[in-house]
Amino acid sequence: MSTDKKAKIVIERTYQAKLEDVWDLWTTKAGFESWWGPQGFRADVAELDARVGGALRYEMVADTPEMVANMKKMGQPPSHSVTSRFRECQPRERLVLTNIIDFLPGVAAYENDIVVDFRAAGGKVTMTVTLAPMHSEEFSAMQREGFTSQLTKLDARFG
Amino acid sequence: MQLDVFQALADPTRRRIVEALLAGEQQVGDVVLRAGIHQSGVSRHLRILSEAGFVSMRPDGQRRLYALKAGPFQELDEWLRNYRALWDARLERFEAALQRKNQKSKDRSKRK
């Protein structure tokens, strides 16, 4: 049965670029900071060690006046730190970033992976990002920022 | 502590029950057979699912019939759209960053 598999989102993009440049955007401090975001945030990388077991630590900082105000309104600090690990790292082929999700009340700590596969052909690079979005870092951020509708809430006794 | 739709579905047995109910309205015994799960605990799981809005129950004489409800699935769908949009925007920035990188290396080779 397929029910034990986690729901996954697969996003594929093809860029006219060198494989090396695509890889560097994930695996160097300057590269990662130049795009990660998300919208309204910037990532200040404290440590990025792209090898198996290496850490990726960054601060997610609200970066626009609107977002700063929004976080304040929600009673949230304007930044929070995120730690991930490179579970896999095959240079210019594949990397797996693991986030430890241990901040959800009532949910046992668990890991959430971002898998990225790189494939170069004919001067182009195809990058496939596979996400298991349930309870991800971004989900909780979106909840804080009120991007999502208020989801149905249940009383604790059923947990 | 509060349970949301994600937590209601976090349990593998409850996901099996939801899949079994895709076949249509049915009694507990059929849910147990279709889902290939143990009888014990099934009514507790069904209660959690109905409290989270996934499942409805109606009595039909002596029988109690369970069925899926659309509401939470629409919420999940909405949430997935938001999540996808976040990654779409992120990968647009990725592409822009890549173009800046390309431009820089072109400029460098021109100067050579």
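Residues numbered from 1 in each chain as written. Chains lettered and ligands numbered in written order. Predicted model: local features only at pLDDT ≥ 70, side-chain atom pairs only at ≥ 80, totals over all residues.

*Asks:* Give me the overall build of chain B: which residues, what numbers.
*Replies:* For chain B, the helix and strand inventory stands at five helices and three strands. Along chain B, helices and strands appear, N-terminal first, in the series β-α-α-α-α-β-β-α. Relative to its full complement of 112 residues, chain B shows a buried share of 29%. Contacts spanning at least 24 positions in sequence make up 48% of the contacts within chain B whose residues lie at least 6 apart. (Helix = DSSP H or I, 4+ residues; strand = E, 2+ residues; numbered from the N terminus. Buried ≥ 20, exposed ≤ 12 C-beta atoms within 10 Å, placed from the backbone. Contact = placed C-beta atoms within 7 Å.)

*Asks:* Go over the nonpolar core with me, naming the residues and quoting the values.
*Replies:* Val22, Leu25 and Trp35 of chain A together with Phe94, Ala97 and Leu98 of chain B are the most contacted members of the largest nonpolar core, which has 21 residues in total. Ignoring sequence-local partners within four residues, the contact set of valine 22 of chain A consists of Tyr15, Ala17, Phe118, Val125 and Met127 of chain A together with Leu98 of chain B. Judged by nonpolar contacts, the second largest core, of 16 residues, contains Leu21, Leu49, Tyr66 and Leu68 of chain B. (Core = buried A, V, L, I, M, F, W, Y, C linked by C-beta atoms within 7 Å.)

*Asks:* Describe in detail the environment of proline 65 of chain A, supporting the description with residues and values.
*Replies:* All names here are of chain A. Position of proline 65 relative to the elements: it lies in helix α3 (residues 65-73). Residue proline 65 is classed as exposed on the basis of its 8 C-beta neighbours within 10 Å. Here the alpha-carbon distance between proline 65 and glycine 40, two residues 25 residues apart in the chain, equals 8.8 Å.

*Asks:* Could you give me a rundown of the confidence of the model for chain B, with the residues and numbers involved?
*Replies:* It should be kept in mind that the predicted coordinates are not to be read in detail where pLDDT is low. Overall, the predicted model of chain B reaches an average pLDDT of 87, with 96% of residues at or above 70. Scored as a complex, the prediction yields pTM 0.69 and ipTM 0.75. (pLDDT = per-residue confidence, 0-100.)

*Asks:* Go over the packing of helix α2 (residues 12-21) of chain B against helix α4 (residues 42-51) of chain B with me, naming the residues and quoting the values.
*Replies:* All names here are of chain B. In the contact formed by α2 and α4, the axes pass within 10 Å of each other and the chain directions differ by 75 degrees. Comparing the axis directions of α2 and α4 gives the class roughly perpendicular. Here Thr13, Arg14, Ile17 and Val18 of α2 lie close against α4, whose contacting residues are His45, Leu46, Ile48 and Leu49. Residues of the contact of α2 with α4, tallied by class, amount to five nonpolar, two polar and one charged. (Axes fitted to C-alpha atoms, helices over the stretch in contact; angles between N-to-C directions. Parallel < 35°, antiparallel > 145°, perpendicular 65-115°, else oblique. Nonpolar A, V, L, I, M, F, W, Y, C, P; charged D, E, K, R; others polar.)

*Asks:* Pulling in residues and values, what's your account of the pairing of strand β3 (residues 63-68) of chain B?
*Replies:* Pairing geometry for strand β2 (residues 55-60) of chain B and β3 of chain B, over six bridges, is antiparallel. Looking at the pairing, aspartate 60 of chain B lines up with arginine 63 of chain B of β3 of chain B. (Pairing = 2+ DSSP bridges.)

*Asks:* Residue-level account of helix α5 (residues 71-111) of chain B, with values.
*Replies:* A rise of 1.5 Å per residue sets the reference length of α5 of chain B, with its 41 residues, at 60 Å; its end C-alpha atoms lie 61 Å apart and thus fit the reference within 8%. For α5 of chain B, every residue scored as buried is listed here: Pro72, Trp79, Tyr83, Leu86, Phe94, Ala97, Leu98 and Lys101 of chain B. (Expected span 1.5 Å × (residues − 1).)

*Asks:* Can you break down unusual backbone geometry residue by residue, with the values?
*Replies:* All names here are of chain A. Put simply, glycine 37 and proline 38 share a cis peptide bond, and its omega is 0 degrees. Within the secondary structure, proline 38 sits in the loop between α2 (29-33) and β2 (41-48). Phi is positive for arginine 92, close to 65 degrees, though the residue is something other than glycine. Examined against the element boundaries, arginine 92 turns out to sit in the loop between β4 (79-90) and β5 (94-101). Classification of arginine 92 by C-beta neighbours within 10 Å gives partly exposed; the count is 16.

*Asks:* I'd like to hear about the environment of arginine 42 of chain A, residue by residue, with values.
*Replies:* All names here are of chain A. Topologically, arginine 42 is positioned in strand β2. Separated by 21 residues in the primary sequence, arginine 42 and aspartate 63 have C-alpha atoms spaced 5.8 Å apart. Setting aside chain neighbours within four positions, we find arginine 42 in contact with Val61 and Asp63.

*Asks:* Which residues make up α2 of chain B, and what values do they have?
*Replies:* Residues and elements named next belong to chain B. Most of α2 sits inside the fold, with seven of its 10 residues counted as buried. For α2, the full list of buried residues reads Arg14, Arg15, Arg16, Ile17, Val18, Ala20 and Leu21. As for α2, its buried residues are in contact with α1 (5-9), α3 (28-35), α4, β2 and β3.

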